[in-house]
Structures are given as C-alpha cells and as structure tokens.
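Each chain, letter by letter, is given below.
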Amino acid sequence: MTQRARNWLLLTPATAWFLVMLVLPVSVVLIFSFGERGDGGGYVPAFTLEQYANLPARWAAFKNTMVLAPLGTVAAMLIAYPLAYFLAVRTSQKWKTMLLVLVIVPFWTSILIRSYAWIFILGGRGIPALLEMIGIEGVRLIYTPFAVTIGIIYGYLPLMVFPIFVSLDRLDKRLLEASSDLGARPWATFLQVTLPLSIPGVATGCLLVFILLMGEFLIPALLGGGKVFFVGNALVDLFLQSRNWAYGSAVAVTLIVVMLVSVTIYMRLIARLNTQREDVSLM
Amino acid sequence: MKDNGYLDDRSRAGLHPIAELRGVSKRFGDVLAADNLDLSISSGEFLSFLGPSGCGKTTALRMLAGFETPTSGEVLIDDQVVNDLEAHRRPVNMVFQSYALFPHLTVEQNIGYGLRQQRPRLGKDTIREKVGQALDVVRLSGFEKRRIWEMSGGQQQRVALARAIVNQPKLLLLDEPLAALDRKLRKEMQIELQDLQRQIGITFVLVTHDQEEALSLSDRVCVMGEGRIIQIGTPQELYDSPRSRYVADFVGTSNFFEGRVTASGAGRATVVLKNGMPVEGRVTAEAAPAGEACVSVRPEQIRLSRSDRTGIEVVVHNRIFLGEHTEYLVRNGTLGDFLVLSPRQSELNDGPFNTGETAWASWEAGSAVVLEKS
Ligand SMILES: Nc1ncnc2c1ncn2[C@@H]1O[C@H](COP(=O)(O)OP(=O)(O)OP(=O)(O)O)[C@@H](O)[C@H]1O
Ligand SMILES: [Mg+2]
C-alpha cells in the first residue's frame with residue numbers, strides 16, 4: 001500500500017462520520033430553511049425566503065444568546081483562571097490529582113439534576129427566603145438572566161478549568177524563577193511570564209465554552225423558566241412544539257452563521273494577540 | 001583585568017568577601033543536601049563548585065540566588081544576612097542549566113527583561129543601548145529580533161549569559177551552563193566564559209561536575225561530596241596537594257597504593273606498601289595518618305624504564321597512544337593495576353613499551369602524597 005493510500009485509510013472513518021453526521025444534516029437543514037410549513041406541521045418543499053424574513057420574531061432569543069453566552073464565557077474564565085492557577089502552580093503533586101478529580105466530580109451527575117438543585121437554591125424557598133429573614137424582601141433570582149448566568153458558570157466551569165490548568169501545568173516553573181531572579185516582583189512575573197504563556201489555554205477554554213453555550217438550551221429552559229431563553233430553546237419550540245420545520249431550519253442556519261462569524265473574529269483576535277507579542281518593542 | 005594567580009594573592013590578602021556561607025545547612029525531608037557549609041567568596045573571583053551528581057551543588061547555588069532558604073546558618077551578600085531576602089531583591093543573577101529563556105519573547109526582550117524590572121524605570125534608549133552592549137559581549141549582534149527557538153544551543157546559552165550579565169550583578173551564578181553543549185562547543189564557550197569574566201570583572205560562581213572545566217576556568221575550586229565542602233583551593237593546590245583520597249580521586253586521575261605508615265614528621269611520612277617497599281611522601285592533611293594509609297601518585301609522575309631497575313616491577317598490560325602522551329596500564333602482582341602517562345620525549349629515550357613487556361616504575365620522592373586510607 002502506498003503512503004497516500006494509507007493516509008486515505010486513516011482519514012476514512014472520520015470522513016464518513018463527518019459526511020453522515022454533519023454535512024448531511026446541515027444540508028438537509030439548509031434545504032428545509034427555504035421551504036414552507038405544511039398544514040399539519042412538518043415540511044413542504046418550496047423555494048422561498050419567507051422564513052428568513054420572519055427571523056426578527058425570534059430576536060429576543062438571539063439577543064439573549066449573544067449577550068449571555070459571551071458573558072458566561074468571560075465570567076467562567078475569570079473564576080476558572082485563579083482556580084487553575086492554584087491547582088497547577090501552588091498545589092503539590094500529591095494533591096493535584098485529587099483536587100482535579102474534585103473539579104470534575106460535578107460532571108458525573110446529570111446537568112438536569114444539578115440544574116434542579118439550583119432551582120431550589122435560587123427559588124422562593126432558597127436564597128430569597130434567607131434574605132427575607134434578614135429583612136431584605138422581594139428579591140427574585142430564579143428565572144432571571146442572573147440565574148441563567150449562574151447555571152452557565154456552574155455547568156461549564158470544569159470545561160474552562162481544564163485547558164487553562166494544562167497550559168499552566170506545562171509551564172516550565174524555572175521560567176518563574178528566572179523572572180524572579182531578574183528582579184521581577186511576583187505580580188510582575190505573573191503579568192509578564194505566566195499570563196502570556198497561558199493564553200493558549202485560556203483561548204481554548206473560552207472557545208470550547210462559547211461554542212457549547214451558543215447551542216445551550218437546558219440551562220435557560222430550567223433556570224430561565226421560559227422568561228430567559230436562548231436560540232436553542234427557540235429551536236426546541238419550533239421543531240417539537242409548533243412543528244414548523246422550515247422556520248426552525250432558518251433559525252438554525254442563522255445560528256450556525258452567527259457562530260461561524262464570531263468564532264472567526266475570535267480566532268483572528270487571538271492570532272493578533274500572539275503575533276503582536278512577537279514585535280512588541282522593548283517595552 | 002587580572003592574571004591567573006594574581007587574584008588569589010589578593011583574595012588571601014583579605015580582599016572584600018562579596019558573599020559568604022556561614023554554617024549553612026539545608027534539609028529536604030530526610031536528605032541533608034547541604035551540611036554545614038562555610039565559604040567566603042571574594043569580589044571578582046571565579047569560583048567553582050565541583051562534585052558528583054546529587055552532592056548539593058545546585059542547592060548551594062540556589063541558596064545564594066534566594067530560591068531556597070537555609071534550614072540553619074546564614075547566607076551573606078555584601079555583609080548583609082540575606083536568608084529572608086526574596087530572589088527578586090538580591091543583587092545576584094543566575095544562568096540556569098536549561099537556560100530558562102522566555103519562549104514568548106525575542107532575544108532582545110529576553111536580555112532586556114531584568115533591565116525592564118528596575119525601579120525607577122530605565123528609559124527605552126538606555127535599555128536598548130545596554131542590551132546592544134550585552135549582545136556585543138556575547139557576539140550575538142544582529143540576532144535581536146530572533147525568537148528563542150530559532151537559536152542553536154550554543155546561541156541560547158549565550159543569550160542566557162547576556163540576560164544575566166546585562167544587569168551587572170554582584171554575583172553571577174552559573175549552574176552547569178555548558179553541560180548541554182557538545183564537546184567542541186563546550187571548549188569554545190569555556191574560553192569565552194573566562195574571557196568574559198576578565199572583561200566585566202563580575203564574581204562568577206560556577207557549578208560543574210566536569211573537573212577539567214573547573215580546573216581550567218576557576219581561581220578557586222570548592223570540591224563537594226555528600227552535601228559537605230571537602231576542600232577549597234586553587235586548581236593547582238587541589239591537584240598537587242589533595243588532602244583526602246576523595247579529592248585526589250575526583251580532581252584529575254590518580255593511582256592509590258595502600259600500605260602502613262611506619263614513620264612520620266615534618267610534613268612527610270613513610271609508608272610500607274604491600275610488597276614490602278618503603279615509600280616516602282608528603283603529608284597534606286593537618287595530621288599525618290597513622291596505621292593504614294594510602295599513597296597517591298599521579299600517572300604522569302610515574303616513569304617507566306627498562307634499564308633502570310629500581311622501583312616496582314610491572315608488566316605492561318595495555319597501551320593507548322594519545323599523541324603527546326602514551327598511556328600505559330601496568331600490572332604488579334601484589335600492588336595491582338595502575339596507570340602511567342609517559343610524555344613523548346621520554347618515550348623517545350626509553351620506550352615505547354610493548355604489551356606484555358616487563359618494565360620498572362618509579363617516581364620522585366616529592367611527587368607522592370600520603371593520605372588517609374579512605
Ligand atoms: N526540592 C527538593 N526536594 C527534595 N530533595 C531535593 C530537592 N532539591 C534537591 N534535593 C536533594 O538534595 C540533594 C542535592 O541535590 P542538588 O540538586 O543540590 O545536587 P547537585 O549536586 O546539583 O547534583 P547534579 O550534579 O545532579 O545537578 C539530592 O539528593 C537531591 O535529591
Ligand atoms: Mg545540579
């Protein structure tokens with residue numbers, strides 16, 4: 001077998017998978033998005049832009065997604081970074097593994113159960129009840145953007161911690177000693193050595209979390225209670241409830257486009273951040 | 001500027017010590033990595049720590065740099081006790097064994113790193129100028145904008161050196177800076193290091209387990225073993241007058257003949273070897289050994305002869321031609337194997353010797369050293 005043939009053989013399973021599980025469904029969705037809704041729901045072939053013209057009706061879902069997904073990503077990153085730093089730099093080898101496992105443990109429980117727990121904590125008999133006891137009345141937490149953000153941070157934290165942890169753990173600790181040896185205070189060492197060298201981990205974590213958040217529907221469904229909903233919830237609604245497949249497909253295609261555009265912009269920014277460091281002058 | 005030897009006299013004369021270790025010990029759990037170290041480093045000298053792997057050389061260096069705190073004892077820099085002074089506040093810079101260059105910065109940014117940390121801030125132009133000078137010194141001008149991974153091992157080593165010297169530290173610590181280089185490059189860099197030290201006049205403390213490197217570069221060598229300082233001295237002192245078998249063995253190559261001391265006094269002792277032959281030698285330790293002892297003789301101090309039938313009768317067992325010298329492994333029935341290094345000149349007179357040939361080995365009385373048995 002030639003090298004070329006072997007390369008193809010290596011790629012065959014993945015290619016087949018992508019064709020059947022990605023290209024095919026996306027093509028179907030794309031075709032459906034130009035169709036019409038049948039009388040009893042479902043799809044009737046057609047070629048019309050009517051579905052796309054109707055998109056503004058779902059503006060709220062897009063707005064929520066576009067605000068809360070980046071916000072949740074940044075919030076998760078800000079919380080994950082110190083945690084990852086602590087685990088990678090300040091924890092002895094003995095404890096590292098155990099503490100890492102503790103970070104993943106929540107992943108072993110269904111997100112459904114974990115979100116229900118938050119419904120109780122944020123709901124009427126949870127934190128608001130405690131606040132009432134100390135005289136603060138009328139606080140509503142559940143079914144607000146706040147509740148959804150909390151749920152997002154909680155659910156996606158481990159996913160953010162891991163890539164950042166890996167980049168910090170791989171960082172040669174002698175570089176930190178070298179920096180200190182050259183007269184940099186601890187904070188200066190962090191800003192000039194640790195942070196720049198962990199950017200790849202941060203970038204990966206943010207990308208992972210952001211992409212998954214763009215398609216999220218469970219957390220808003222449970223903690224947003226129909227008041228704070230994402231595009232994902234709109235899709236569930238359109239496909240499963242109102243059975244308007246054509247319109248649902250148009251919303252889905254739009255979501256994919258929005259996601260591709262944001263990820264492209266994001267990658268450009270990260271690349272810029274990396275090259276900029278290359279020709280930064282002496283300051 | 002200094003000559004070899006010149007500085008030693010100056011330092012003996014009480015030149016100001018730039019750094020001192022006073023009864024410094026460092027314990028890692030069960031391991032005593034540094035055991036009661038006493039050492040005074042003179043301003044401007046080139047000092048080496050020499051010893052086998054794990055004997056605590058790096059630990060000693062790291063305590064000077066401020067990365068480890070001594071378990072007991074005092075570290076002084078410029079007459080100040082600095083035990084609790086963090087590394088970034090010490091006027092000391094280190095060249096790490098693996099260089100530890102910043103991969104995300106250019107050559108120029110790496111070298112300027114220490115200067116950029118200074119407060120009050122240095123101007124951009126000042127920094128650029130000093131970096132330029134440092135690059136000149138290590139002969140890397142023109143490489144300013146290169147990334148670290150675009151540099152060869154030897155070049156990286158020089159960047160690491162420049163990054164440290166640009167700050168004009170009072171003390172430059174070098175932890176096996178040449179260990180990763182191939183032999184030829186290492187030789188070149190050794191010469192560069194020595195030139196550099198003379199040029200900039202900074203005190204160098206070098207860690208190495210390469211005795212040749214330590215002997216050729218240093219004003220003084222500090223031989224270490226199992227966390228302790230075994231002997232400190234100029235390379236010549238260590239080579240000619242080792243005070244223990246450990247030093248004689250570690251610094252250069254030596255032959256050891258065991259025997260019993262029969263007489264001693266006035267810095268000399270007589271040892272009767274196992275074959276009954278009495279040998280006289282110098283006593284270098286504070287007290288002459290009594291009872292069991294060993295005599296150390298350097299291979300190049302032994303002369304092989306066919307005609308002059310004095311000394312130890314041996315059979316030539318192996319011969320290695322080394323150009324300037326020929327190395328013989330010779331064997332005596334009772335004393336065992338030992339090495340003889342004959343210079344070419346004497347080879348012309350009375351040699352060369354063939355394998356299996358019988359010869360007589362002898363040395364000048366002054367060249368043997370009488371040491372404790374172990
Ligand atoms: N951080 C540490 N924790 C525990 N033990 C250590 C630590 N650092 C050094 N040691 C131990 O202290 C002893 C001396 O180590 P050190 O690194 O100073 O040796 P070295 O002379 O530099 O050896 P080498 O030539 O191999 O670099 C060794 O037994 C080592 O295992
Ligand atoms: Mg070492």
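Residues numbered from 1 in each chain as written. Chains lettered and ligands numbered in written order. Predicted model: local features only at pLDDT ≥ 70, side-chain atom pairs only at ≥ 80, totals over all residues. Heavy atoms only, no water.

On to the overall build of chain A, then. The number of helices and strands found in chain A is 12 helices and zero strands. Along the chain direction, N to C, the helices and strands of chain A fall in the order α-α-α-α-α-α-α-α-α-α-α-α. Considered along the principal axes of its C-alpha atoms, chain A spans approximately 75 × 75 × 40 Å. Counting only residues that meet the buried cut, chain A has 40% of its 283 residues in that class. Restricting to contacts in chain A with at least 6 residues of sequence separation, those with at least 24 account for 69%. Taking the average location of the 20 positive side-chain charges in chain A and that of its 13 negative ones, the two points are 5 Å from each other. (Helix = DSSP H or I, 4+ residues; strand = E, 2+ residues; numbered from the N terminus. Buried < 20%, exposed > 50% of the residue type's maximum accessible area, 1.4 Å probe, protein only. Contact = heavy atoms within 4.5 Å. Lys, Arg positive; Asp, Glu negative; His and termini not counted. Charge placed at Lys NZ, Arg CZ, Asp CG, Glu CD.)

Residues and elements named next belong to chain A. The contact between helix H4 (residues 93-104) and helix H7 (residues 145-170) brings their axes to 10 Å, and the two run at 155°. One finds that H4 runs roughly antiparallel with respect to H7. With respect to the hand of their crossing, H4 and H7 are arranged in left-handed fashion. From H4, Lys96, Leu100, Val103 and Ile104 reach across to H7, where they touch Pro158, Val161, Phe162, Phe165 and Asp169. Residues belonging to the contact of H4 with H7 are distributed by class as follows: seven nonpolar, no polar and two charged. (Axes fitted to C-alpha atoms, helices over the stretch in contact; angles between N-to-C directions. Parallel < 35°, antiparallel > 145°, perpendicular 65-115°, else oblique. Left-handed = near helix turned anticlockwise from the far one by under 90°. Nonpolar A, V, L, I, M, F, W, Y, C, P; charged D, E, K, R; others polar.)

With that out of the way, let us pick up the interface of chain A and chain B. Taken together, the 24 residues of chain A in the interface contact 31 residues of chain B. For the chain A and chain B pair, buried surface summed over both sides reaches about 2,600 Å², with 57% attributable to carbon and sulfur atoms. Taken together, the connections running from chain A to chain B amount to one salt bridge. Close ionic contact of A:Glu177 with B:Arg62 constitutes a salt bridge, the shortest N to O distance being 2.7 Å. Taken together, the links from chain A to chain B amount to eight residue pairs in polar contact (both at pLDDT 80 or more). Those elements giving two or more residues to the side of chain A that touches chain B turn out to be helix H8 (173-181), helix H9 (186-214) and helix H12 (245-279) of chain A. (Buried area = accessible area lost by both parts, 1.4 Å probe. Salt bridge = Lys/Arg side-chain N within 4 Å of Asp/Glu carboxyl O. Polar contact = N/O pair within 3.5 Å; in protein donor to acceptor, adjacent residues only side chain to side chain.)

Moving on: the site of ligand 1. Residue and element names in this part refer to chain B. Lining the immediate environment of ligand 1, one finds 13 residues, of which Ser53, Gly54, Lys57, Thr58 and Thr59 sit closest. In the model, an oxygen atom of ligand 1 is placed 2.7 Å from a nitrogen or oxygen of the Lys57 side chain. Protein coverage of the free-state accessible area of ligand 1, which is 630 Å², stands at 61%. Element by element, the count of residues in the shell around ligand 1 is highest for helix H2 (residues 57-65), at three residues. Looking at side-chain class alone, the shell around ligand 1 contains five nonpolar, six polar and two charged residues. (Near = heavy atom within 4 Å. Areas by Shrake-Rupley, 256 points an atom, 1.4 Å probe, with all protein chains shown as cover.)

Our focus in this paragraph is the pattern of salt bridges. Side chains carrying opposite charge are able to pair once their charged atoms draw close together. Under the criterion given, the structure shown has 23 salt bridges over all chains. Across the pair B:Glu86 and B:Arg89 runs a salt bridge, and its minimum N-O distance is 3.0 Å. Given a relative accessible area of 44%, B:Arg89 falls into the partly exposed group. Residue B:Glu280 pairs with B:Arg268 through a salt bridge whose shortest N-O separation is 3.1 Å. Taken as a pair, B:Glu280 in strand S13 (residues 278-283) and B:Arg268 in strand S12 (residues 268-273) lie far apart in primary sequence, 12 residues in all. Judged by relative accessible area, B:Arg268 falls into the partly exposed class, the value being 29%. The network of salt bridges with common partners includes A:Glu177, B:Arg62 and B:Glu68.

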